[in-house]
Every structure is written in structure tokens, then in C-alpha cells.
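Descriptive analysis of the structure
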Amino acid sequence: MAAGDGTGEYGTTGEPAAGGDGAQTGDAARTGDTTQAGDSESGRRGGWRPGRGRATRADRTQADLESMSPPDPRYMLEVRDLRVHFPTDDGLVKAVDGISFRLERGRTLGIVGESGSGKSVTSLAIMGMHHGGSAKLGGQIYLDGEELVGADPARVRRLRGSKMAMIFQDPLSALHPYYTVGHQIAEAYLVHNKVSKKAAKAHAVEMLDRVGIPNPQARVDDYPHQFSGGMRQRTMIAMALSCDPELLIADEPTTALDVTVQAQILDLISSLQQEFGSAVIMITHDLGVVAELADDILVMYAGRTTEYGTSEDIFDRPAHPYAWGLLSSMPRLDRARIKRLVPIPGTPPSLINVPSGCPFHPRCAYAARTNGKSESEVPPLRSVGLGHEAACHLSADEQREIWAELVKTRLSPAVRSREDA
């Protein structure tokens with residue numbers, strides 16, 4: 001099934017590299033932690049404990065202090081200093097390395113970044129799909145006040161499908177080819193509800209109708225290979241929403257779909273969110289998707305948070321060079337492009353040997369402005385505005401100056417361009 005596919009995918013993505021940190025090695029790349037890799041980390045409830053004794057108040061980082069506070073009831077989901085590492089023959093793959101975020105009911109969080117940045121691994125950790133594997137998990141995940149990282153796997157399984165659900169990236173591999181689509185939707189409903197098989201099948205027909213499958217009474221007995229790509233994705237959405245989950249994670253729900261079907265799927269997710277009042281996490285490479293749906297955006301790079309803020313913050317006032325690169329490499333309808341699209345130079349780093357200091361500094365055009373800090377110090381996630389944070393050594397004034405220059409030289413407001421014409 002898809003859960004196994006997703007976990008296995010990230011167990012083999014580490015590029016071959018010599019050496020690597022051991023499982024007990026401290027890591028400087030946590031949000032707000034400026035110690036160097038190799039230093040002992042203070043003991044964290046729910047995380048790894050290297051055995052250095054009780055930490056003093058001076059030793060505690062912001063992540064330590066947050067782990068001691070109770071979950072905030074205002075949020076449906078709270079992720080605190082989440083780490084997911086995979087031991088491999090080449091070294092320790094640090095797929096997710098200290099990310100934190102919150103999500104309220106009825107709101108949508110978009111998680112963006114290049115392939116290998118840790119987006120899908122984060123979602124699988126929330127769903128509890130790393131349990132029983134080789135992954136080493138640390139940090140805390142609170143779902144409606146209930147901690148999941150240290151919870152019993154049987155308890156997480158009861159929550160999965162009923163209180164939280166996930167739409168997987170590839171519906172053809174996520175759906176079982178041996179069973180009809182109706183059987184697979186009904187199975188999820190039967191697991192979490194004491195109903196007859198007849199009632200479960202009727203519910204499957206209702207869900208197929210709700211997601212826009214034509215003639216659902218007949219199509220409920222079809223097999224996945226008899227559906228088109230868009231219909232299979234709608235079936236995955238019907239399965240995920242069959243038990244009215246309070247948290248819905250959509251991992252690349254529009255991959256390999258044409259633009260018309262993409263728009264239909266996004267409209268469907270948005271309308272169903274309003275109907276059920278669910279909190280939604282939208283994972284995607286497509287910034288256009290998050291621009292349309294997301295209330296807040298988390299930008300990930302090398303398993304870490306580079307920027308976090310509202311959709312308006314990220315698109316109108318980005319503060320991190322990686323976000324500038326993402327925006328400069330995509331076409332925008334709200335601005336007239338003066339020059340050709342500019343790609344981000346280089347490739348994402350190995351998650352076994354992450355570059356020292358800021359992980360983005362080998363690809364950053366502005367690293368020289370930091371007087372060497374980018375190569376030697378991990379930038380903490382600091383506030384650059386109300387509810388807007390970025391992990392960058394550049395000062396707030398420098399960030400505003402550079403972004404204004406980029407807009408002036410590469411992206412001019414579309415309205416001004418039309419007036420000039």
C-alpha cells in the first residue's frame with residue numbers, strides 16, 4: 001500500500017557519501033539552535049537523550065522550552081522540533097531536522113520546497129507511518145492536544161483515517177488493484193464505524209457522488225485501472241474524507257493531472273474543507289497551488305524551515321534567498337516579467353552531509369554579505385514581521401533592499417507595465 005511506498009522512498013534517497021553522523025550525534029540544524037554539529041544536545045522530552053545529565057537553564061534552547069509547555073488548544077495540529085532520521089549504510093539521512101509549525105481548524109498550510117526537502121517525510125511522520133521502520137523520530141506532534149510521537153502505534157492507527165487522513169501522491173499505486181474502489185472506501189468506513197457492509201457500501205456511493213464521480217451507483221464496483229487519473233484522485237479524496245477527518249494532508253494531489261483536472265481537484269478540496277471544517281496541509285512543488293489555497297506557507301530546504309508566514313508574506317514580502325529563488329524561477333500573472341526565468345543554481349544538498357552553517361549557502365548569491373557566518377553558523381529562525389519568520393543571516397533591512405531590487409530588475413508590477421505600454 002501507499003504507506004509502505006512512501007516510507008521506503010525516503011529510506012533510499014540519501015546520496016552516496018563518505019562517512020556520516022552517528023545516530024546519537026547532536027545536530028546544530030534545529031530551529032533556534034546555534035551550536036555546532038557534534039555538540040551534545042540537551043535532553044528533550046520526546047526526543048533523543050545522549051546521556052549528558054540534567055540540562056541547566058542556560059543550556060536549554062527555545063525548542064527545549066517549547067517542549068515543556070502544554071499544547072495550545074487553539075490549534076488542531078502542533079509540530080515541535082520534529083526530526084526524522086534514517087540510518088543507512090552511507091550514513092544518517094536527516095530527512096527532517098527540527099521543523100515546527102501550527103495549524104488551526106478551517107485553515108490551510110502549504111508546505112513547499114524542492115524534491116528531497118522533507119515535505120512528504122513530515123506528512124508521513126504526522127500520520128504515524130514511520131513506526132515499525134528504521135526511522136528515528138524526535139520532537140513532538142500534537143493532534144488536538146494528543147501527543148503522537150510517543151503514542152502507542154495502535155492508538156495512532158485508530159486516529160488515522162478517523163481524525164486525520166492523507167491523500168497520497170500517486171493514486172494508482174496507493175489504490176489496491178485487486179479490490180474495487182467501492183470496497184476500498186467502504187473498508188476505511190467499516191474500520192472506524194460500527195455499521196453493516198451494506199451501509200458501508202451505500203456510504204461509498206455517497207462519497208463518490210460527493211467528489212463528482214458520474215454514475216456512482218455503477219462505478220462503485222469498478223477497479224482502479226478502469227478510472228482515469230482524475231477519477232482515481234477523486235476516489236482517494238473520497239476515501240480520505242469518508243470518516244470526516246479533522247485534519248487532511250494532501251501530498252501533491254494534482255501531480256500528473258492536466259490543468260483543467262487540477263483546477264477541479266483544488267476546487268473540490270476547498271469546497272469539502274468548507275463543508276467539513278477540516279484543517280488542511282497542502283504539500284506541493286507548485287507555488288501556484290499554494291497561492292490559490294494556502295492561508296500560511298512553510299518553505300522547507302534540506303529538511304529544515306527556511307521561511308514561515310502567511311501567503312501574503314511569502315509572495316509579497318519574502319525574506320529568504322531560497323524563497324526569492326523559487327519566486328524568480330516561476331512565471332507570475334500579477335507581475336510583468338522583464339527578464340527570463342532565473343533558476344536556482346546548483347542542486348539540493350546531500351541529507352547525509354548537509355553543508356555547515358546555513359544549508360543553502362553553497363547556492364546563495366548573497367552569502368558573501370554575511371562575513372562568513374553563512375558557512376560557519378546555523379541561522380536561527382527569527383521574526384521579520386508579525387507572524388513571519390525566516391532563517392537567514394541577512395538583516396531585515398538587507399532582505400527588504402534585495403527583494404525590492406529583484407522586483408525592480410526582474411519583476412515589475414503588471415499594472416505599471418500596461419500603463420507604460
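Look up a bit, the structure's there.
Residues numbered from 1 in each chain as written. Predicted model: local features only at pLDDT ≥ 70, side-chain atom pairs only at ≥ 80, totals over all residues. Heavy atoms only, no water.

**Quick notes on the state of the cysteines**
Structurally, a disulfide amounts to a covalent bond that connects the sulfur atoms of two cysteines. As enumerated under the stated definition, the model contains zero disulfides in all. The thiol of cysteine 364 is not disulfide-bonded; the next cysteine sulfur, from cysteine 392, is found 6.5 Å away. Given the relative accessible area of 9%, cysteine 392 is considered buried. (Disulfide = S-S within 2.5 Å. Buried < 20%, exposed > 50% of the residue type's maximum accessible area, 1.4 Å probe, protein only.)

**Some remarks on the sheet that holds strand S2 (residues 91-104)**
As summarised here, the arrangement of the four strands in space is S2-S1-S4-S5, forming an open sheet in which the pairing is antiparallel. Looking at the sheet topology across the chains shown, the edges are occupied by S2 and strand S5 (146-147). Taken together, the 11 bridges between strand S1 (residues 75-88) and S2 define a ladder with antiparallel strand orientation. Residue pairing across strands places proline 87 opposite leucine 92, the latter belonging to S2. (Pairing = 2+ DSSP bridges. Helix = DSSP H or I, 4+ residues; strand = E, 2+ residues; numbered from the N terminus.)

**Describing the sheet that holds strand S7 (residues 247-251)**
The strand order across the open sheet formed by eight strands is S6-S7-S8-S3-S9-S10-S13-S12, and the pairing between neighbours is mixed. Each end of this open sheet is capped by a strand with a single partner; those strands are strand S6 (164-167) and strand S12 (381-385). Looking at each pair of strands side by side, their axes are set apart by 20 degrees on average, direction ignored. As paired elements, strand S9 (residues 296-301) and strand S10 (residues 304-310) share six bridges and run antiparallel to each other. (Axes fitted to C-alpha atoms, helices over the stretch in contact; angles between N-to-C directions.)

**A look at helix H10 (residues 259-276)**
In this model, H10 (18 residues) spans 26 Å end to end at C-alpha, consistent with the 26 Å of a helix rising 1.5 Å per residue. For H10, the complete set of buried residues consists of Val261, Gln262, Ile265, Leu266, Leu268, Ile269, Leu272 and Gln273. Around the axis of H10, the buried residues are gathered within 155 degrees of arc, so they sit on the same side. In H10, the exposed positions angled more than 90 degrees off the buried face are occupied by Val259 and Gln274. (Expected span 1.5 Å × (residues − 1). Arc of directions from axis to C-beta.)

**Remarks on the pattern of salt bridges**
Scanning the entire structure with this criterion turns up 17 salt bridges. Linking arginine 105 and aspartate 144 is a salt bridge whose minimum nitrogen-to-oxygen distance equals 2.4 Å. Linking arginine 105 in the loop between S2 and strand S3 (108-112) with aspartate 144 in the loop between strand S4 (136-143) and S5, this pair joins segments that are 39 residues apart in sequence. With relative accessibility at 38%, the residue arginine 105 sits in the partly exposed group. Relative accessible area serves as the criterion here: at 32%, aspartate 144 is assigned to the partly exposed category. Between glutamate 246 and arginine 105 there is a salt bridge, with its nearest N and O atoms 4.0 Å apart. Note that glutamate 246 is positioned in the loop between helix H9 (229-240) and S7 and arginine 105 in the loop between S2 and S3, a separation of 141 residues in sequence. (Salt bridge = Lys/Arg side-chain N within 4 Å of Asp/Glu carboxyl O.)

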